[in-house]
Amino acid sequence: MDKDTVSIYFVRAALAHLSPDALPAVLRVAGIPAEMLAHRQARVPARAFAALWLAVARQLDDEFFGLDARRMKVGSFALMCHAVLHCGTLGRALRQCLRSFAIFLDELHGELTDDGGQAVITLHNRIADPADRRFAEETYLVMVHGLMCWLIGRRIRLSHIAFGHAQPEEAREYRVMYGEDLAFGAERTAVRFDAALLEAPVIQTETSLKSFLRSAPQSVFLKYKSTDSWTARVRRRLRRCLGGNADWPTLDDLAGEFRVAPSTLRRRLEAEGGTYQRVKDDLRRDAAIHHLCHSRLGIAEIATLLGFQEPSAFHRAFKKWSGSQPGEYRALRSGLQAAGQPPARRPAARPAGSGAPTPRLSD
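Residues numbered from 1 in each chain as written. Predicted model: local features only at pLDDT ≥ 70, side-chain atom pairs only at ≥ 80, totals over all residues. Heavy atoms only, no water.

## Thoughts on helix H2 (residues 23–30)
Right, on to step 1. Buried within H2 are the following residues: Val26, Leu27, Val29 and Ala30. Considered in projection along H2, the buried side chains sweep an arc of 160° and stay on one side of the axis.
Right, on to step 2. After H2 finishes, the residue Gly31 shows a positive phi value of roughly 75°. (Buried < 20%, exposed > 50% of the residue type's maximum accessible area, 1.4 Å probe, protein only. Helix = DSSP H or I, 4+ residues; strand = E, 2+ residues; numbered from the N terminus. Arc of directions from axis to C-beta.)

Okay, here's the thing in structure tokens:
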């Protein structure tokens, strides 16, 4: 199973509207050491980011991170899911979803149009702060697209994604989150997909909705990530090598397996913003973070599982990937656990009468 991680950029953006007094407790609940926030290359397990989203929602009573002038109060996402469940088709459900967001939020809403066989969701955004504006659009698209995919039971390929902001350092993350065909600096942020999918039937039930909401927000931002790119295909193939049971293939070996020329595979990866070595490094980085956070394996054992001949090579690589040594990363996480805060668990509800809502996107 793939061990996904999330860039520290999204962690910092999610925390931007918390008060300084609330920050330590929220980070402890999510199992994210505060020291990681200073490392631009740092990453956290996906489940830790999911726990962070819930903790921030509880603290702010806002499932939208405090980004809009109006709070999207805890329970809003679940209410919207119930509202779209019986719409019959994706098109009707999507229009209801966009109407719901327009009620929950004041400064951001989406508009659905048909452009010659392409369905287009265009965002209209009045949030003034550039950082908030960008993160609000990233979050909105993740929530809408994740819900769309779940409703019909499969990933909806976005044929083109244009963002209204300049290309960020995290553009590579977008390829996993949204799709491969990206553009930046557009007049408005908009996504396109096959309009025929608007007639696809909603296949979910009240029973499956309960399961979906129980695992939210991770079920929203991760389950239907892009899997049809060349980068994803190479990553799936390389995953077999984790554990030391198989040799790592060369790019030429992979090209032969995929029945394309090595130069073709190289160009296709470059067109998606990557290289063979980067895909390999990203996979090993995510696996390393998983083992450091969720296993008792020694550093040398982890290095061997990831295919490093020497632990020192693993130390150098992990420092490059995350900004810290593997032992330092584990020690920071272990310090949180020793303090009685297990990482990546859903925050417990407050006692009755505390006046604060339970931190859930579900109901």
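## A short note on the environment of Thr89
Right, on to step 1. Tracing the chain through its elements places Thr89 in the loop between helix H4 (76–84) and helix H5 (90–104).
Right, on to step 2. We classify Thr89 as buried; its relative accessible area is 13%.
Right, on to step 3. Each C-alpha atom, one on Thr89 and one on Pro201, is 4.4 Å from the other, the two residues being 112 residues apart in sequence.
Right, on to step 4. Excluding residues within four positions of it along the chain, Thr89 makes contact with Leu198, Glu199, Ala200, Pro201 and Val202. (Contact = heavy atoms within 4.5 Å.)

## Notes on the sheet that holds strand E6 (residues 182–184)
Right, on to step 1. Strand order across the open sheet formed by five strands is E3-E4-E7-E5-E6, with mixed pairing between neighbours. Of all strands in the sheet, those bounded by a partner on one side alone are strand E3 (108–115) and E6. Sheet twist, expressed as the average angle between the axes of neighbouring strands with direction ignored, equals 15°.
Right, on to step 2. Along the sheet, H5 makes contact with E3, strand E4 (118–125) and strand E7 (190–194), crossing E3 at roughly 155°.
Right, on to step 3. Those strands touched by helix H6 (residues 130–152) are E3, E4, strand E5 (160–163) and E7, and its axis lies near 145° from that of E4. (Pairing = 2+ DSSP bridges. Axes fitted to C-alpha atoms, helices over the stretch in contact; angles between N-to-C directions.)

By themselves, these observations are geometric and do not establish any function.
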